[in-house]
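# Structure at a glance
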Amino acid sequence: MNKNGAFNRVSKLTLLLLFLIIIFTPFTIIDAGHRGVLMQFGQVQEQVLEEGIHPIIPIVNTVKKLSVRVQKHEISAEASSKDLQDVFADVAINWHIIPEQANAIFQEIGDEQAVVDRILNPAVEEVLKAVIAKYTAEEIITEREEVKGGVDNLLTARLTNYHIAVDDISLVHIHFSERFREAVEAKQIAEQEAKRAVFLAQKASRKAEAKVNLAKGEAQVQTLLRESLTPEILLKQAIDKWNGDLPVIFGNDSGNLLDLREFLIQTKK
């Protein structure tokens, strides 16, 4: 057998061996948006498998795949306000597992469902109660953004300890008990009636004030007229309007001319 034949045979055996290794050596594929938790005989390893293909040793190694994508979770919670009103809130939280800590979260908590049940739900309820208790029912309505910010900050800090990142929190809906809604409606009606009563009172006051001012003005006009109409002015006005005919007063014997000046003086008195 020549050297070329022996070389070809060795090459074929090598390729066959490589092919068998590839065929019979198990591997795992980590999909996009996931991480693989590598375990050796059930013990979580420090290595976190990223996206792609990874060889593993049969029986020795197992892999748990966890999603590190942003996930949305909604929860309804109940709390009490500072003025002891029942508050009901629907909270939507966007969260994701911190990728490089996937092995820690699986070791300490479990998979995604365990994270929701054991961490997210209790944390949201507790944080919401703590924040809502700082505000009155009216402030929860008027200061909604501030309330949301308080929930966001406190929940983010709390979940970071559990290898969870908070992307966004929304207070989808906040509502109160039926008794509180009725009380608010009654208060609004009372405020409207009070405002109307004030308006009517102010209107009546302005109307009365206008009448008083009018009466005062008329009185002042009359006073000025009385003070300005001297006998001389009255006499002049009478002469200006005189048509030339002399008024005559007839007695028993003869007629006498009327002295206008004397008549006006007597009238003025």
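Residues numbered from 1 in each chain as written. Predicted model: local features only at pLDDT ≥ 70, side-chain atom pairs only at ≥ 80, totals over all residues. Heavy atoms only, no water.

Per an unreviewed UniProt entry, the protein chain is named Prohibitin family protein, and its organism is Aerosakkonema funiforme FACHB-1375.

## Let's talk about the overall build of the protein chain
Selection rule: A run of H or I in DSSP becomes a helix once it reaches four residues, and a run of E becomes a strand once it reaches two; helices and strands are each numbered from the N terminus. Categorising residues by exposure relies on relative accessible area from a 1.4 Å probe, with only protein chains included: less than 20% of the type maximum marks a residue as buried, more than 50% marks it as exposed, and the intermediate range marks it as partly exposed. Here the accessible surface of atoms and residues is derived via Shrake-Rupley with a 1.4 Å probe, and residues count as covered only by protein chains that are part of the display.
The number of helices and strands found in the protein chain is 8 helices and 10 strands. When burial is assessed residue by residue, the protein chain has 26% of its 269 residues classed as buried. Surface summary for the protein chain: the accessible area is close to 18800 Å², and the carbon and sulfur share equals 56%.

## Topic: a negative patch on the surface
Basically, it comes down to this: A patch is a set of surface residues, each over 30% in relative accessible area and not in a salt bridge, joined within 9 Å for like charges and within 5 Å for the nonpolar side chains Val, Leu, Ile, Met, Phe, Trp and Tyr. A pair is scored as a salt bridge if a Lys or Arg side-chain nitrogen falls within 4 Å of a carboxyl oxygen belonging to Asp or Glu. Neither His nor the chain ends is counted toward charge; the positive residues are Lys and Arg and the negative residues Asp and Glu. Charge placement uses NZ in Lys and CZ in Arg. For Asp and Glu, CG and CD serve respectively.
Side chains of D83, E139, E143 and E146 sit close together on the surface and give a patch of like negative charge. Following the sequence through the fold, E146 ends up in helix α5 (residues 144-160).

## Digging into α5
Here is the rule we go by: Here, expected helix span is obtained from the residue count minus one, scaled by 1.5 Å. In this description, one arc is meant: the one made by directions from the helix axis to the C-beta atoms. Two residues qualify as a contact provided that any one of their heavy atoms is within 4.5 Å of a heavy atom in the partner residue.
With 17 residues, α5 should cover 24 Å at 1.5 Å per step; its first-to-last C-alpha distance of 24 Å lies within 8% of that length. Those residues of α5 lying buried are V147, V151, D152, L155 and L159. When α5 is viewed along its axis, its buried side chains cluster within an angular range of 135° and face the same direction. Summarising the geometry of α5, the exposed residues directed more than 90 degrees from the buried face are E145 and N153. Next to the buried residues of α5 lie β7 (86-97), α3 (112-132), α4 (137-142) and β8 (164-176).

## A short note on a nonpolar patch on the surface
The grouping of F27, I29 and I53 at the surface amounts to a nonpolar patch, some 300 Å² of accessible area in total. Tracing the backbone shows F27 in strand β1 (residues 27-30).

## Structural notes on the sheet that holds strand β5 (residues 61-67)
Filter applied, for reference: Paired strands are those between which DSSP finds at least two bridges. For every element, the axis is a line fit to its C-alpha atoms; helices are fit only across the contacting stretch, and the angle between N-to-C directions ranges from 0 to 180 degrees.
The strand order β3-β2-β5 describes an open sheet built from 3 strands, whose pairing is antiparallel. Looking at strand neighbours, the two that pair on one side only are β3 (43-49) and β5, the edges of this open sheet. Averaged over neighbouring strand pairs, the angle between their axes works out to 30° when direction is ignored. For strand β2 (residues 34-40) and β3, the ladder comprises 4 bridges, and the chain directions are antiparallel. Bridge assignment links G36 to a residue of β3, and that residue is L49.

## Focus on the nonpolar core
A general tendency of soluble globular proteins is for nonpolar side chains to be buried together. Filter applied, for reference: Among buried residues, the Ala, Val, Leu, Ile, Met, Phe, Trp, Tyr and Cys ones that are joined through side-chain atoms within 4.5 Å form a nonpolar core.
One finds V91, I93, W95, L128, L155 and L159 to be the most contacted residues of the largest nonpolar core, which totals 43 residues. The element that contributes the greatest number of residues to this core is α3, accounting for 11 residues. Apart from the residues within four sequence positions on either side, I93 is in contact with Q71, K72, H73, L120, L155, L159, V166, D168 and I169.

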